[in-house]
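One letter stands for each residue in the lines below.
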Amino acid sequence: MAEETLDQRSGVAETGPSEKGVAPIKPQYLATKEQFHTFLESGGKSSGDQAVAEPDGAGAGAASSVCDSPEPGAKRLKLDDGKAEGLERPAPGAGEGETQQRKKARGQNKSRPHMKPTRFDDHRLCPSLIQESAEKCFFGERCRFLHDVDTYLASKPPDLGDKCVLFETFGKCIYGVTCRFARAHLGPQRQNLVKEELVKQWEGQKLTSNGLGKDLQHQLRKKKVQFDLSEKYLKQLSKSGRVRTGKDRTPMPAAGPGAPVASPGHVAPNCAGGEAQGSGASVESGSETVSGIPEQGATPQSSGGCSSGHLTDEDLVRLRPCEKKRLNIQHKLYLAPLTTCGNLPFRRICKRFGADVTCGEMAVCTNLLQGQSSEWALLKRHHTEDLFGIQLEGAFPDTMTKCAELLNRTVEVDFVDINVGCPIDLVYKKGGGCALMNRSNKFEQIVRGMNQVLDVPLTVKIRTGVQEKVNLAHRLLPELREWGVALATLHGRSREQRYTKGADWTYIQHCVDVASPMPLFGNGDILSYEDANRALETGVSGIMIARGALIKPWLFTEIKEQRHWDISSGERLDILRDFTNYGLEHWGSDTQGVEKTRKFLLEWLSFLCRYIPVGLLEHLPQKINERPPYYLGRDHLETLMASQNVDDWISISEMLLGPVPPAFTFLPKHKANSYR
């Protein structure tokens, strides 16, 4: 354990100068675990009524180390020599129980209780009454919802406030009496009040897009949707048996400025990259294979030859690769697709702080093809998201190609991204995510097939590799360029490494040259504008920000203005209040919507607690892998926001969304972010 000294004069715990992996905080703000929790329990008054920044020294002799928190060892930064920060290497054959305990303390809370928001609303009112429809309920006596408003109101939880964000913003709350802020817009006869002027302002405006219609959902569930382009590609794929690999591939000359336009049955050049074999070259035509390479012994057709047969709609409508919409996002700030936390309200927060490009959460292609409403909800786009993409996960060319074709004609996006970076076992063991980096044939089939059916650019997000010391990205990037990928993003970590070490930006710099002229974005460990500047010095076309945005979403503003923002606790609470308002707009202001908003707020707070205010740091900037020690903030709220206790996160949520329902429980998705 790294040494720690205790200043007997001030009673403040102080970390030793050699202690790595712990954020450097000014000594006057440091506290022990006991002092920290005592301060919060006393409501902001430390023992002896001293100032917030000067915790009382009573009991200092018995105080534990700043590092002696009940946090799992996996959280502490590992050194290159194999030691964990603040942990001694156990003797051989000893401590097997501790090793198992540490293994259990990392990763995801797979057995956490799933409290669905519908559980908190047992007696639900029929939608026909909520919307004040003139027609009777379609289901009549078979309806499973209540039709007596008095009975519903008797069991409805009390209202949470006098101001409804939906009523104030849009002039009407569609949730009527079920709204948890109903007294703001209910008349004396329980009728739903309307602000006509506001309603007219929003009339005809589309707030969100990419929803799943009932007709399309029914067709998907009955498997009545036709996938003509995908079936054509898959048919040719089955004929060839496989996509040729690099060893089988014959070198093709790069398409010059005067290269002829490909006629039907010929390979179209990839105009964006200046390379042959664009996305339109992936389907067998005449004597060509799926890869667009003529088979041995086949007579190549002349570029001036005329095609035979009738002219189809496909010949008129389908785009050549050079006619596809270009993805021009170089030097822009790209908010990464973040599972669970990267929801629409959070993306709105990041857009407000300067994020240029946003992407929806990872969506599983098989779930989309089955018409699952929860999966289609991940594709929704807010009207303020001017550059927006969706990320798909899948392991096989048939489902990925069909899903791409379906989305190409049903949703509005600027690009589609393939997830080849997901490290979790559930995805990896099925052949998706990072596993595709080791399945190059399937990977190529997926990329070429999706490129064939999409009218928007196709991008890919990858890691350095699967194993920690076996890099694969530098070999895959030239292949991706040939397959027609418009842009790639490289996360500077392997699947095996996860987050135990820093991102390898030296390797990313090497991959920039390998990928050229295809744009390459870099991703990993960006938490300040200095980190962003160093990343851009590697030559990447732009940077993608993931955990940094979760810890401090105002990072985008800091990068654009090249400054450190010493944001106050009150300003941070306002950000959380805006998030809850956006959540109530998106998920609803009834009980179900309120509890869903609370759930995602708590998930976000499990990352926000890792932020250390600029004014408390001994030197700038904060590093993303530095663990915050116990400290007392400049006021009670700032200290409360630094707590890694789930109960304190719930207290913050109650400031914004009222008291939690009875028997409410919460565990965050990642164990590494919840320490009691």
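Not measured: the values here are computed from a predicted model.

Q: Hey, could you run me through the state of the cysteines in this one?
A: Cysteine pairs can be covalently joined through their sulfur atoms, and such a bond is termed a disulfide. Overall, the coordinates contain zero disulfides when judged by the stated rule. Cys137 supplies the cysteine sulfur nearest to Cys126, a cysteine that is in no disulfide, at a spacing of 3.7 Å. By relative accessible area, Cys126 is classed as buried at 2%. For the unlinked cysteine Cys365, the closest cysteine sulfur is that of Cys403, found at 5.5 Å. In this structure Cys365 comes out as buried when scored by relative accessible area, which is 1%.

Q: How should the packing of helix α21 (residues 569-587) against helix α22 (residues 591-608) be read in this particular structure?
A: Geometry of a packed helix pair, given as the angle between the helix axes and the separation of the axes. Remark: α21 packs on α22, axes separated minimally by 9 Å, with the N-to-C direction vectors making an angle of 145°. Crossing handedness for the pair α21 and α22: right-handed. Residues Arg572, Ile575, Leu576, Phe579, Thr580, Gly583, Leu584 and Trp587 of α21 form the contact with α22, whose own contacting residues are Gly593, Val594, Lys596, Thr597, Phe600, Leu601, Trp604, Leu605 and Leu608. When grouped by side-chain class, the residues that make up the contact of α21 with α22 number 11 nonpolar, four polar and two charged.

Q: I'm lost on unusual backbone geometry in this one. Help?
A: Excluding glycine, residues mostly carry a negative phi; peptide bonds, for their part, are mostly trans. With an omega dihedral of 10°, the bond running from Ser516 to Pro517 counts as a cis peptide bond. Cis geometry marks the peptide bond from Leu620 to Pro621, where omega comes out at -5°. Here Pro621 is to be found in the loop between α22 and α23 (636-641). One non-glycine residue with positive phi stands out, namely Asp525, at about 65°. Within the element layout of this structure, Asp525 appears in the loop between β11 (520-523) and α18 (529-536). You will see that Gln562, though not glycine, has its phi angle at about 50°, which is positive.

Q: Whenever I open this one, the nonpolar core confuses me. Can you help?
A: One broad rule of soluble globular proteins: the nonpolar side chains tend to lie buried together. Core analysis: the biggest nonpolar cluster contains 139 residues, and Met450, Ile543 and Leu576 have the highest contact counts within it. With eight residues, α22 is the single largest residue contributor to this core. Core analysis: the next-biggest nonpolar cluster, separate from the first, contains nine residues, Ala23, Leu616, Leu617 and Tyr631 among them.

Q: Just to check I follow, could you spell out the environment of Ile424 for this structure?
A: Following the sequence through the fold, Ile424 ends up in the loop between β8 (415-420) and α14 (425-428). Along the sequence, Ile424 and Cys434 sit 10 residues apart, while their C-alpha atoms lie 8.8 Å from each other.

Q: Got a minute to help me understand the confidence of the model for the protein in this structure?
A: Mean pLDDT over the protein stands at 79; residues scoring 70 or higher make up 72%. Within the model, the stretch residues 1-18 combines pLDDT values under 50 with 40 contacts to residues more than four positions away or in other chains. Across residues 47-96, confidence stays below pLDDT 50; counting only partners more than four residues off in sequence or on other chains, it has 99 contacts.

Q: Got a minute to help me understand helix α16 (residues 473-483) in this structure?
A: Since the α-helix packs 3.6 residues into each turn, any two residues three or four apart lie on the same face. Turning to α16, its buried residues are Ala473, Leu476, Leu477, Pro478, Leu480, Arg481 and Trp483. In this fold, the buried residues of α16 make contact with α15 (440-453), β9 (458-465), β10 (487-494), α17 (505-515) and β11. Just downstream of α16 lies Gly484, where phi reads positive at about 105°.

Q: Would you take a moment to explain the sheet that holds strand β12 (residues 542-545) for this structure?
A: Strands belonging to one sheet form pairs held by backbone hydrogen bonds; the direction of such a pair is parallel or antiparallel. Pairing within the open sheet is parallel, and its eight strands lie in the order β4-β12-β11-β10-β9-β8-β7-β5. The open sheet has two free edges, formed respectively by β4 (333-335) and β5 (358-364), since each of these has just one partner strand. Recorded for the sheet is a direction-independent mean angle of 30° between the axes of neighbouring strands. Looking at chain direction, β5 and strand β7 (residues 388-393) are connected through five bridges and run parallel. Within β7, the position partnered with Thr358 by the bridge is Phe388. Packing against the sheet, helix α13 (residues 397-410) makes contact with β7 and β8, and its axis sits at approximately 155° to β7.

Q: I tried to follow the pairing of β11 on my own but got confused; where do I start?
A: Residues in a regular strand project their side chains so that they alternate between the two faces of the sheet. Burial of β11 is two-sided: the residues Leu520 and Gly522 facing one way and the residues Phe521 and Asn523 facing the other way are all buried. Summarising the sheet, β10 and β11 pair through four bridges and their orientation is parallel. In the strand pairing of β11, Ala488 is matched with Leu520. Regarding topology, α17 serves as the crossover connection from β10 to the parallel β11, and that connection is right-handed. Here β11 pairs with β12 via three bridges, running parallel. Looking at β12, one finds that Phe521 is bridged to Gly542. Assessed by its sense of winding, the connection that carries the chain from β11 through α18 to β12 is right-handed.

Q: Could you clarify how one ought to interpret the packing of aromatic side chains in this entry?
A: A ring pair, where both rings are aromatic, is described by two values, the distance of the centres and the angle of the planes. Applying the stated rule across the entire model yields 10 aromatic pairs. Judged by centre distance (5.9 Å) and plane angle (75°), the rings of Tyr334 and Phe521 are edge-to-face. Residue Tyr334 is located in strand β4, and its partner Phe521 is located in strand β11; the two are separated by 187 residues in the primary sequence. Exposure class is identical for Tyr334 and Phe521. Each is buried. With a centroid separation of 5.2 Å and an interplanar angle of 55°, the aromatic rings of Phe579 and Trp604 are classed as tilted. Here Phe579 is found in helix α21, whereas its partner Trp604 is found in helix α22, with 25 residues between them in sequence. Taken together, the aromatic side chains of Tyr334, Phe415 and Phe521 make up a single cluster linked through ring pairs. Cation over ring: Arg563 sits above Trp565, and NZ or CZ is 5.2 Å from the ring centre.

The rules behind the values
- Residues numbered from 1 in each chain as written.
- Predicted model: local features only at pLDDT ≥ 70, side-chain atom pairs only at ≥ 80, totals over all residues.
- Heavy atoms only, no water.
- Disulfide = S-S within 2.5 Å.
- Buried < 20%, exposed > 50% of the residue type's maximum accessible area, 1.4 Å probe, protein only.
- Axes fitted to C-alpha atoms, helices over the stretch in contact; angles between N-to-C directions.
- Helix = DSSP H or I, 4+ residues; strand = E, 2+ residues; numbered from the N terminus.
- Left-handed = near helix turned anticlockwise from the far one by under 90°.
- Contact = heavy atoms within 4.5 Å.
- Nonpolar A, V, L, I, M, F, W, Y, C, P; charged D, E, K, R; others polar.
- Core = buried A, V, L, I, M, F, W, Y, C linked by side-chain atoms within 4.5 Å.
- pLDDT = per-residue confidence, 0-100.
- Pairing = 2+ DSSP bridges.
- Right-handed = clockwise from strand over helix to strand, strands pointing away.
- Phe/Tyr/Trp six-rings, centres within 6.5 Å; stacked < 30°, edge-to-face > 60°.
- Lys NZ or Arg CZ within 6 Å of the ring centre and 35° of its normal.

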